[in-house]
Amino acid sequence: MKNWTSVLVSPGTSILDTIKIIDRSSLQIALVVDENRRLLGTVTDGDIRRGILRNIALSSPVSEIMHQDPVVAGLNESSREIQSMMRARGIKHIPVVDEHYHIVDLYIYDRMFDGQKKDNMVVLMAGGLGTRLRPLTDHAPKPLLRVGDKPILETILGEFIEHQFVNFYLSVNYKADQIKSYFQDGSRWNVNISYIDETKRLGTAGALSLLPKKPTKPVIIMNGDLLTKVNFSQLLSFHEQHGMSATMCVREMEYQIPYGVVRTSDHRLVSIEEKPVNHYFVNAGIYVLNPEIFPLIPVDTYYDMPTLFDQLLEKGYEVGVFPVREYWLDIGRMSDYEKANREYMEEFN
């Protein structure tokens, strides 16, 4: 690969600077090397997101999250052998090193199999009433409200198409005819679009019981009022590589208490912390579910995703979280809609 040198970083490079290098290169990996280009480790998007979940600061050196024993190939191994190794081990990147462990090349699965479509189902929840955006939603459903130069739902669709997804189901209810008229069968975007008709409110998970056919691969479900630059390919890889039955995308939020927080022990003052900042992970409205999860969803019944995830935890399923570090905005209120229009050109063009 010609441009692999652009993702070489030293072990002291900050995680934040490494993120910028990975995103700028589109290779989805950074190679940690010493001054002689001897490979010390690798850093993928998954390593970064796991570091975020461990509360490792983005100012920390990348050596704190790098994979120190990556799979590598030697100079004498052919492209076919490397492809077989990738498939067998389920990995997306293999550095090629010489006998002294100096990196000389990088093989990337997505580039070796460029153009392969992903046939996983994508379900976009587009049936909400959009009450908090009235009067804008009096005459149009929220997913058809324009942000920038196109409807919210078309921007969402375009982000998935960019990552080679082609099979979409739109769950519709409020002003469903307008959504169907705009998107039709998806042929305008060279994808397949079908519809789930909600005759009553079914929540953020209940509509999945109405899918016309059973999924055979993991399904991505997303609320139809989100604007995000999440890398959906990385989300799917993260879910599969960790062996999860279900994955919830989460967003880190900060909340500053505007007072001095007093800590006590019985009647004694222990400390005063001025205006502390608390960090939380919140539900980002994007999920991945394996096929075996769908029979747990009650048929044609109001049922929300948090309830489903609670049930999965109670039953002992492997449930993961995928931290969203990219742009993300939930368009729930008028102020969010106005913010989306201000930021759209910078984020999506």
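Here is a short report on the structure shown in this document. (Residues numbered from 1 in each chain as written. Predicted model: local features only at pLDDT ≥ 70, side-chain atom pairs only at ≥ 80, totals over all residues. Heavy atoms only, no water.)

Thoughts on the overall build of the chain
Logical step 1: When you go through the chain residue by residue, the secondary structure sums to 10 helices and 19 strands.
Logical step 2: Compactness check: the chain gives a C-alpha radius of gyration of 23 Å against a globular reference of 20 Å for 349 residues, within 12% of the reference.
Logical step 3: With 349 residues in all, the chain has 48% of them scored as buried.
Logical step 4: At a minimum sequence separation of 6, the contacts of the chain that also span at least 24 residues come to 68%.
Logical step 5: When the accessible area of the chain is evaluated, it comes to approximately 17700 Å², of which 47% is carbon and sulfur surface. (Helix = DSSP H or I, 4+ residues; strand = E, 2+ residues; numbered from the N terminus. Rg over C-alpha atoms; globule rule 2.2 N^0.38 Å. Buried < 20%, exposed > 50% of the residue type's maximum accessible area, 1.4 Å probe, protein only. Contact = heavy atoms within 4.5 Å. Areas by Shrake-Rupley, 256 points an atom, 1.4 Å probe, with all protein chains shown as cover.)

A few points about unusual backbone geometry
Logical step 1: The backbone phi angle of Arg37 is positive, close to 65 degrees, even though this residue is not glycine.
Logical step 2: With respect to the helices and strands, the residue Arg37 is situated in the loop between strand E2 (29–33) and strand E3 (39–44).
Logical step 3: Relative accessible area serves as the criterion here: at 39%, Arg37 is assigned to the partly exposed category.
Logical step 4: Here the phi dihedral of Asn55 falls at roughly 65 degrees; this positive angle occurs in a residue that is not glycine.
Logical step 5: Mapping Asn55 onto the fold places it in the loop between helix H2 (45–53) and strand E4 (73–74).
Logical step 6: Of the residues examined, Asn55 reaches a relative accessible area of 60% and is grouped as exposed.

Section: the packing of aromatic side chains
Remark: the centre distance and the inter-plane angle together describe each pair of aromatic rings, the angle taken between the planes.
Logical step 1: All chains considered together, the criterion is met by 10 aromatic pairs.
Logical step 2: Taken together, a centroid distance of 5.3 Å and an interplanar angle of 15 degrees make the contact between Tyr344 and Phe348 stacked. Taken as a pair, Tyr344 and Phe348 lie in helix H10 (residues 334–348) at a separation of 4 residues, close to a single helical turn. There is no split in this pair, since Tyr344 and Phe348 are both buried.
Logical step 3: The structure contains a cluster of three or more aromatic residues connected by ring pairs, namely Phe160, Phe165, Phe168 and Phe232.
Logical step 4: Just above the ring of Phe165 sits the side chain of Lys118; from NZ or CZ to the centre is 5.4 Å.
Logical step 5: Residue placement shows Arg188 over the ring face of Tyr182; its charged tip is 5.0 Å from the ring centre. (Phe/Tyr/Trp six-rings, centres within 6.5 Å; stacked < 30°, edge-to-face > 60°. Lys NZ or Arg CZ within 6 Å of the ring centre and 35° of its normal.)

What about the sheet that holds strand E6 (residues 103–108)?
Logical step 1: Spatially, 3 strands are ordered E4-E5-E6 in an open sheet, and the strand pairing comes out mixed. The open sheet has two edge strands, E4 and E6, and neither has a second partner.
Logical step 2: When E4 meets strand E5 (residues 93–97), the two strands line up parallel, connected through 2 bridges. The partner of Ala73 across the bridge, within E5, is Val96.
Logical step 3: Helix H3 (residues 79–89) contacts E4, E5 and E6 of the sheet and is inclined by roughly 140 degrees relative to E5. (Pairing = 2+ DSSP bridges. Axes fitted to C-alpha atoms, helices over the stretch in contact; angles between N-to-C directions.)

Digging into the sheet that holds strand E10 (residues 165–172)
In a beta sheet, neighbouring strands pair by backbone hydrogen bonds and run either parallel or antiparallel.
Logical step 1: The sheet built from 7 strands is open, its strands ordered E11-E10-E7-E12-E17-E14-E18 with mixed pairing. With one partner strand each, in any of the chains shown, strand E11 (192–197) and strand E18 (319–323) form the two edges of the open sheet. Sheet twist, expressed as the mean angle between neighbouring strand axes with direction ignored, is 35 degrees.
Logical step 2: Examined bridge by bridge, strand E7 (residues 118–125) and E10 share 6 bridges and lie parallel to one another. When the sheet's bridge partners are listed, Lys118 is paired in E10 with Phe165.

Examining the environment of Ser194
Logical step 1: With respect to the secondary-structure elements, Ser194 resides in strand E11.
Logical step 2: In this structure, the C-alpha to C-alpha distance between Ser194 and Ser10, residues 184 residues apart in sequence, is 48 Å.

Side note on the side chain of Asp98
Logical step 1: With respect to the element layout, Asp98 can be found in the loop between E5 and E6.
Logical step 2: Although buried, Asp98 forms no salt bridge, and the nearest oppositely charged side chain, Arg38, lies 8.0 Å from it.
Logical step 3: Side-chain polar atoms of Asp98 contact the backbone nitrogen of His100, separated by 2.8 Å.
Logical step 4: Only 2.9 Å separates the side chain of Asp98 from the backbone nitrogen of His102, close enough to count as a polar contact. (Lys, Arg positive; Asp, Glu negative; His and termini not counted. Salt bridge = Lys/Arg side-chain N within 4 Å of Asp/Glu carboxyl O. Polar contact = N/O pair within 3.5 Å; in protein donor to acceptor, adjacent residues only side chain to side chain.)

Quick notes on the pattern of salt bridges
Logical step 1: This structure, assessed with the given rule, holds 13 salt bridges.
Logical step 2: Asp225 is the salt-bridge partner of Lys142, the closest N and O atoms lying 2.9 Å from each other. Taken together, the positions of Lys142 in the loop between E7 and strand E8 (146–147) and Asp225 in the loop between strand E12 (219–223) and strand E13 (226–228) put the pair 83 residues apart, joining distant regions of the chain. Neither Lys142 nor Asp225 differs from the other in exposure class; each is buried.

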